[in-house]
Amino acid sequence: KQDGTLFNEDDQELLTTFAGQAAIALENARLFQETDQALQLRVQELEDLQRFSEELSRTLNLTEVAAITVRGAMARTNAAAGLIALVNDDETQIQIVSTFGYIEEIFPEGVFDGEPWEIESGIIKRVLRTRQPDLAPDVAIDPDYLDGLPGSLSQITIPMMSGDRISAILVLETNKEPRFTLLDQVAVMRIAEQASIAIANAQLYEQVATANDTKSEFVGFAAHELKNPLTSVKGYASTLTSSMTDQLNIGQIKDFAVIIQNNANRMQSIIDDLRDIARLDAGKFPIEREPARLDKIVEDTLTPFQKQLEEKEQTIVNNVGEDLPLVMADNNKLIQVLTNFVSNAYKYSPPGATITINAEERPRYINSRNQNMGSVMEISVSDTGIGMSADDLSALFKEDYFRSSNTEARKQKGTGLGMIITKRIIEGHNGEVWVDSEIEKGTTFSFVIPLAPRDPMQTQAMQTTETEPASD
């Protein structure tokens, strides 16, 4: 003390009070500083997300969107490597769209170039199963980690959702300290949330662009297909109405009439296909199911083919018996399905070939989506024709305007609409369709539809009309 006196208890109490207040002030200052720093970090993160969102909005190219996302996530976390891969519908395969920092040798052959990758193990498999973001802070002790980035220390794996399904997977790895933390995971989740929308939009744009290109190609093809028979009709009709008619005998006139009729039927078939696909696209294609005898449907299908089959010396083996249970079917639509399959077998099989139709009841049938369909009827149409390539099989039932790449197949007339119409009719029966084929050995088209319930009340419940008929 400056006055030379000793400190007493009052001084101690005063200093204690002052020290307490000073401590509170210092703590408040420290908290303010921390809050200010946290606020600055949050503002910086929001600004980064805003810039990221703006960058994503500038493109609808899927590869560019994926690359922007990976770069943004790597910059935010200081990751050494990252990738985005699309996930297929049943979430068993991925297809890499963009990678940074990885070397090609760590992936199975072809995967680095975009070929499908069957995921059977690893952290990605775990995320596909749990559908939750995953932080592996130390990959050395993670039993599911598969070698990726050389010297990797930790990994973040984020499922990118589109609705209720995983549309893509975002993976980040680092091989230097500091390792990834929960804060890094949260930041990447925010990036993935924005990127998921951009990826979905890019995929949709890509699908629309492809559909438009395919549709334009098909319109040109359909116009060509209509032009050929129309040219023939005009030519023969012109001959019959010209002065040359007097020079024709009755047999020639009948031959001309048959050619005109055949070409008119061909044009009618093309127009019917176009009309059906338009009604299907508009949701105005009625499917009216009721208990039906499959053997009768098969007989009605085969009757119009008898003459064609005899001329080509082809044999039909019909193994569909009368003792089969009833199916829930729209008779006319199911005849249309079987007519398409039998017509394909006839056209794409050589003279003397055998076409076989089989049907078998299958109780507790599990479909391709792992759903129990109950008791169904499996129907198949097999031929010994030219078969289909792996590329054709992968496109069949998926492309609306499918045409085979096989030169022999392209010699046959057709719009390519029959198979997609067939698929949608079968799906309208709550069934599914698939195909097995081998080049030069033949093809088997198979499909299943539900059996008719034995309880009349259940039958009435299943007799539903999917849509109203389209007006003519």
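Residues numbered from 1 in each chain as written. Predicted model: local features only at pLDDT ≥ 70, side-chain atom pairs only at ≥ 80, totals over all residues. Heavy atoms only, no water.

## Here's the deal with the pattern of salt bridges
Just so we agree on the cut-off: Criterion for a salt bridge: a side-chain nitrogen of Lys or Arg within 4 Å of a carboxyl oxygen of Asp or Glu. For every residue, the accessible area (1.4 Å probe, protein chains only) is compared with the maximum for its type, and the residue is labelled buried under 20%, exposed over 50%, or partly exposed between those bounds.
Scanning the entire structure with this criterion turns up 15 salt bridges. A salt bridge links Asp134 to Arg126; the nearest nitrogen and oxygen atoms lie 3.0 Å apart. Each member of the pair Asp134 and Arg126 is classed as buried. Lys441 serves as the salt-bridge partner of Glu438, at 3.5 Å between the closest nitrogen and oxygen. When its relative accessible area of 43% is taken as the criterion, Glu438 is described as partly exposed. Residue classification places Lys441 among the exposed residues on the basis of a relative accessible area of 57%. Within the structure, one salt-bridge network assembled from shared partners comprises Arg126, Asp134, Asp142 and Asp144.

## Here's the deal with a negative patch on the surface
Using the following cut-off: Note on patches: the residues involved have over 30% relative accessible area and no salt bridge, like charges join within 9 Å, and the nonpolar side chains Val, Leu, Ile, Met, Phe, Trp and Tyr join within 5 Å. Here the accessible surface of atoms and residues is derived via Shrake-Rupley with a 1.4 Å probe, and residues count as covered only by protein chains that are part of the display. Charge counting follows a simple rule: Lys and Arg are positive, Asp and Glu are negative, and His as well as the terminal groups are ignored. Charge positions come from single atoms, namely NZ of Lys, CZ of Arg, CG of Asp or CD of Glu. Strands are runs of DSSP state E lasting at least two residues, helices are runs of H or I lasting at least four, and both sets are numbered from the N terminus onward.
A cluster of like negative charges, contributed by Glu104, Glu105, Glu109, Asp113 and Glu115, occupies part of the molecular surface. Tracing the backbone through its elements, the reader meets Glu104 in the loop between strand 2 (93-100) and strand 3 (117-118). Its relative accessible area of 41% is what places Glu104 among the partly exposed residues.

## A word on unusual backbone geometry
Of note, the bond from Glu177 into Pro178 is cis; its omega dihedral lies within 30 degrees of zero at -5°. Among the structural elements, Pro178 can be located in the loop between strand 6 (165-174) and helix 4 (182-240). Residue Arg364 is not a glycine yet carries a positive backbone phi of 50°. Note that Arg364 resides in the loop between strand 10 (354-362) and strand 11 (376-382). Looking at Arg364, the relative accessible area reads 62%, which means it is exposed.

## Topic: the nonpolar core
Keep this limit in mind: Nonpolar core, defined: a set of buried Ala, Val, Leu, Ile, Met, Phe, Trp, Tyr and Cys residues in which side-chain atoms within 4.5 Å join the residues together. Contact between two residues is taken to exist if any of their heavy atoms lie within 4.5 Å; hydrogens are not considered.
Formed by 43 residues in total, the largest nonpolar core has its most connected members in Leu294, Leu334, Phe341, Ile379, Phe445 and Phe447. Broken down by element, the residue count for this core peaks at 8 residues, all from helix 8 (residues 331-347). When residues no more than four places from it in sequence are discounted, the contact partners of Leu294 are Val320, Leu324, Leu334, Ala359, Met377 and Ile379. Among the nonpolar cores identified, the runner-up in size contains 26 residues, and Leu62, Ala66, Met74 and Ala195 belong to it.

## As for the environment of Ser349
Along the chain, Ser349 falls in the loop between helix 8 and strand 10. Once the C-alpha coordinates of Ser349 and Lys441 are considered, the two residues, 92 residues apart in sequence, prove to be 9.8 Å apart.

## Focus: helix 3 (residues 123-130)
Among all positions of helix 3, only Ile123, Ile124, Arg126, Val127 and Leu128 are buried. If you follow the buried residues of helix 3, they end up packed against strand 1 (81-87), strand 2, strand 4 (134-136), strand 5 (154-162) and strand 6. Positive backbone phi, approximately 65°, marks Arg131, located one or two places after helix 3.

## A short note on the sheet that holds strand 6
Test applied: Two strands pair if DSSP finds at least two bridges between them. Axes, fitted as lines to C-alpha atoms, cover a helix only where it is in contact. Angles between the N-to-C directions of the axes lie from 0 to 180 degrees.
Within the open sheet, the 6 strands sit side by side as 3-2-1-6-5-4. Their pairing is antiparallel. Each edge of the sheet is formed by a strand with only one pairing partner; in this case those strands are strand 3 and strand 4. Bridge count between strand 1 and strand 2: 6 bridges; the pairing is antiparallel. Residue pairing across strands places Leu83 opposite Thr99, the latter belonging to strand 2. Of the strands in this sheet, strand 1, strand 2, strand 5 and strand 6 are in contact with helix 2 (residues 62-77), which crosses strand 2 at around 65°. Of the strands in this sheet, strand 1, strand 2, strand 4, strand 5 and strand 6 are in contact with helix 3, which crosses strand 6 at around 145°.

## Some words on the pairing of strand 12 (residues 432-438)
Direction of pairing for strand 12 relative to strand 13 (residues 442-450): antiparallel, over a ladder of 7 bridges. Its bridge partner being in strand 13, Ser437 is matched across the sheet by Thr443. Counted between consecutive antiparallel strands, the loop separating strand 12 from strand 13 contains 3 residues, among which Glu440 sits at a positive phi close to 65°.

By themselves, these figures tell us nothing about what the structure is for.
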